[in-house]
Every structure is written in structure tokens, then in C-alpha cells.
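So the chains spell out like this:
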Amino acid sequence: VPPPTISLGQNLEELIQAPNRPVNQSIGRPDEGRLQKATSLLSVLENLGAAAGFQILRPLNKRYFATWDMAVLIAKMGEWVSQNIPGQTLSIGNISSQKGGDQIAHVSHQNGLDVDIAYFTPGSKNNMENVVDFKKNKIQKDFLMADQWTLFKKLHSTGLIDLIIVDPVIKTALCQQAAQAG
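Parameters and conventions
- Residues numbered from 1 in each chain as written.
- Predicted model: local features only at pLDDT ≥ 70, side-chain atom pairs only at ≥ 80, totals over all residues.
- Heavy atoms only, no water.
- Helix = DSSP H or I, 4+ residues; strand = E, 2+ residues; numbered from the N terminus.
- Contact = heavy atoms within 4.5 Å.
- Expected span 1.5 Å × (residues − 1).
- Buried < 20%, exposed > 50% of the residue type's maximum accessible area, 1.4 Å probe, protein only.
- Arc of directions from axis to C-beta.
- Polar contact = N/O pair within 3.5 Å; in protein donor to acceptor, adjacent residues only side chain to side chain.
- Core = buried A, V, L, I, M, F, W, Y, C linked by side-chain atoms within 4.5 Å.
- Axes fitted to C-alpha atoms, helices over the stretch in contact; angles between N-to-C directions.
- Parallel < 35°, antiparallel > 145°, perpendicular 65-115°, else oblique.
- Left-handed = near helix turned anticlockwise from the far one by under 90°.
- Nonpolar A, V, L, I, M, F, W, Y, C, P; charged D, E, K, R; others polar.
- Pairing = 2+ DSSP bridges.

1. Side note on the environment of Val115
Point 1. Mapped onto the elements of the fold, Val115 is located in the loop between strand S6 (90-92) and strand S7 (132-133).
Point 2. Once the C-alpha coordinates of Val115 and Lys154 are considered, the two residues, 39 residues apart in sequence, prove to be 16 Å apart.
Point 3. Excluding residues within four positions of it along the chain, Val115 makes contact with Met70, Ile74, Ile92, Asn94, Ile95 and His109.

Shown next as C-alpha cells:
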């Protein structure tokens, strides 16, 4: 039986618990695992079309495979970003290769459970790098701190995220943003 389709407007919880959804896809840990019966985020994106609210950076490297739950979370967060953070698109970097296992650029990303998300910067070209000025040990001026904090807070509120890893300079700035936001 084919898995259900991810559609915009559907409830996150219903999609996560959908009948016929793929299960037991992730084997092992993100840094020592593999992926079976992977869900293609590229296929999800193609199905949702221009309204998806997310994009895949560097799709030619074919590291856009995830577990069903991760693909649903990305699709729903893309939808949320398009509705709540004007002018931004959720930009996705590496997740996993189709069968998982060792990755060229990462120790992790082996089982479809961790994802690189680009930082929000002005315009539609979000940034995976160069958000920190390492010489001055501070964030660049074009980093949209409040928008990034809003996304991280929303991701955390889903109850589906165990850990968000950022550079220590970004973490300090985000903590300051959180304190200012109350």
C-alpha cells in the first residue's frame, strides 16, 4: 500500500499518525546508522509545488531523503514559514542519502533524522554559511535573528525536536533574542 500524500493544510499530528505511513525507516543513530524505505523530500516538494514554502538546496547531491516524520515536519514548517515569516522560505540542506550510512560532508545525517536548515537572511537566498564573522566573533548584520528565533521556537513547540545545534556565537545571540522576547 503506498504511503499517504502530504498536503498543505493538513494537521501535523494527523500526518505523523497517518495510516499506511512508512514506519521503522531509521536504523541506528544519526552518526552511526542507515535509512530504509526512505521518504524523498524532493518528491514531497514536487507534489506540493510552488506553494510548498520550502526548498532543497543542492538537490543534485541527492541528500534529500528522510524518515516520514522528518519529511512531514519539514513540509509543515515550510508551510508555517510561508504564512508567518514574510519573504522567507525554509531552505533545506543535507538530510541523508537514500539508504543512509556514511556521508561525505558529515559524521551524522546517516539515518534520516537530522537536517541542515539554512539561516534566514534578507531575500530568498538563505544562508548555510557566513552568518558568523569569526574574526570578530559575532553574527553578521544580515542574519535575521528574530525570524530565526521564531522558527526555532515553533520547531521546539511541536515536541518532535530533541536537539537544535548551532554555532556558539549564534547560540549566544539567540539566547539574547529569547531574553528580549520574554
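2. Let's talk about helix H5 (residues 168-181)
Point 1. Spanning 14 residues, H5 covers 20 Å between terminal C-alpha atoms, matching the ideal 20 Å at 1.5 Å per step.
Point 2. Along H5, the residues classified as buried are Val169, Ile170, Ala173, Leu174 and Gln177. One face of H5 carries all of its buried residues, which in axial projection span an arc of 130°. Seen from the open side of H5, the exposed residues pointing more than 90 degrees away from its buried face are Pro168, Lys171 and Ala179.
Point 3. Those residues of H5 that are buried lie in contact with S7, strand S8 (138-139) and helix H4 (145-157).
Point 4. Where H5 begins, one side-chain oxygen reaches toward the backbone nitrogen of Val169, 2.9 Å away; that side chain belongs to Asp167.
Point 5. Phi turns positive one or two residues past the end of H5, at Gly182, with a value near 85°.

3. Concerning the nonpolar core
Point 1. Ranked by size, the top nonpolar core spans 43 residues in total, and within it Leu41 and Phe54 carry the most contacts.
Point 2. At the level of secondary structure, the elements contributing two or more residues to this core comprise helix H1 (12-16), helix H2 (41-48), strand S4 (54-56), strand S5 (65-66), helix H3 (68-84), S6, H4 and H5.
Point 3. A total of ten residues in this core trace back to one element, the largest contributor, which is H3.
Point 4. Not counting the four nearest positions on each side in its chain, Leu41 is found in contact with Phe54, Ile56, Tyr64, Ala71, Ile74, Ile92 and Ile95.

4. A word on the packing of H2 against H3
Point 1. Following both chains from N to C, one finds H2 and H3 inclined at 40°, their axes separated by 10 Å at the closest point. Our classification of the angle between H2 and H3 gives oblique. Like other packed secondary-structure pairs, H2 and H3 cross with a definite hand, here right-handed. For the pair formed by H2 and H3, the contact residues are Leu41, Val44 and Leu48 on the first element and Ala71, Ile74 and Ala75 on the second.
Point 2. Considered class by class, the residues forming the contact of H2 with H3 number six nonpolar, no polar and no charged.

5. Topic: the pairing of strand S2 (residues 32-35)
Point 1. Going residue by residue along S2, you find Gly33 and Leu35 tucked away on one face and Glu32 and Arg34 left uncovered on the opposite face.
Point 2. Relative to S2, strand S1 (residues 26-29) runs antiparallel, the two being bridged by four bridges. Within S2, the position partnered with Ser26 by the bridge is Leu35.
Point 3. The hairpin formed by S1 and S2 contains two residues between the paired strands.

6. Points about H3
Point 1. The first and last C-alpha atoms of H3 sit 24 Å apart over 17 residues, in line with the 24 Å expected at 1.5 Å per residue.
Point 2. For H3, the tally of buried residues reaches 13 of 17 residues, placing the bulk of the element in the interior.

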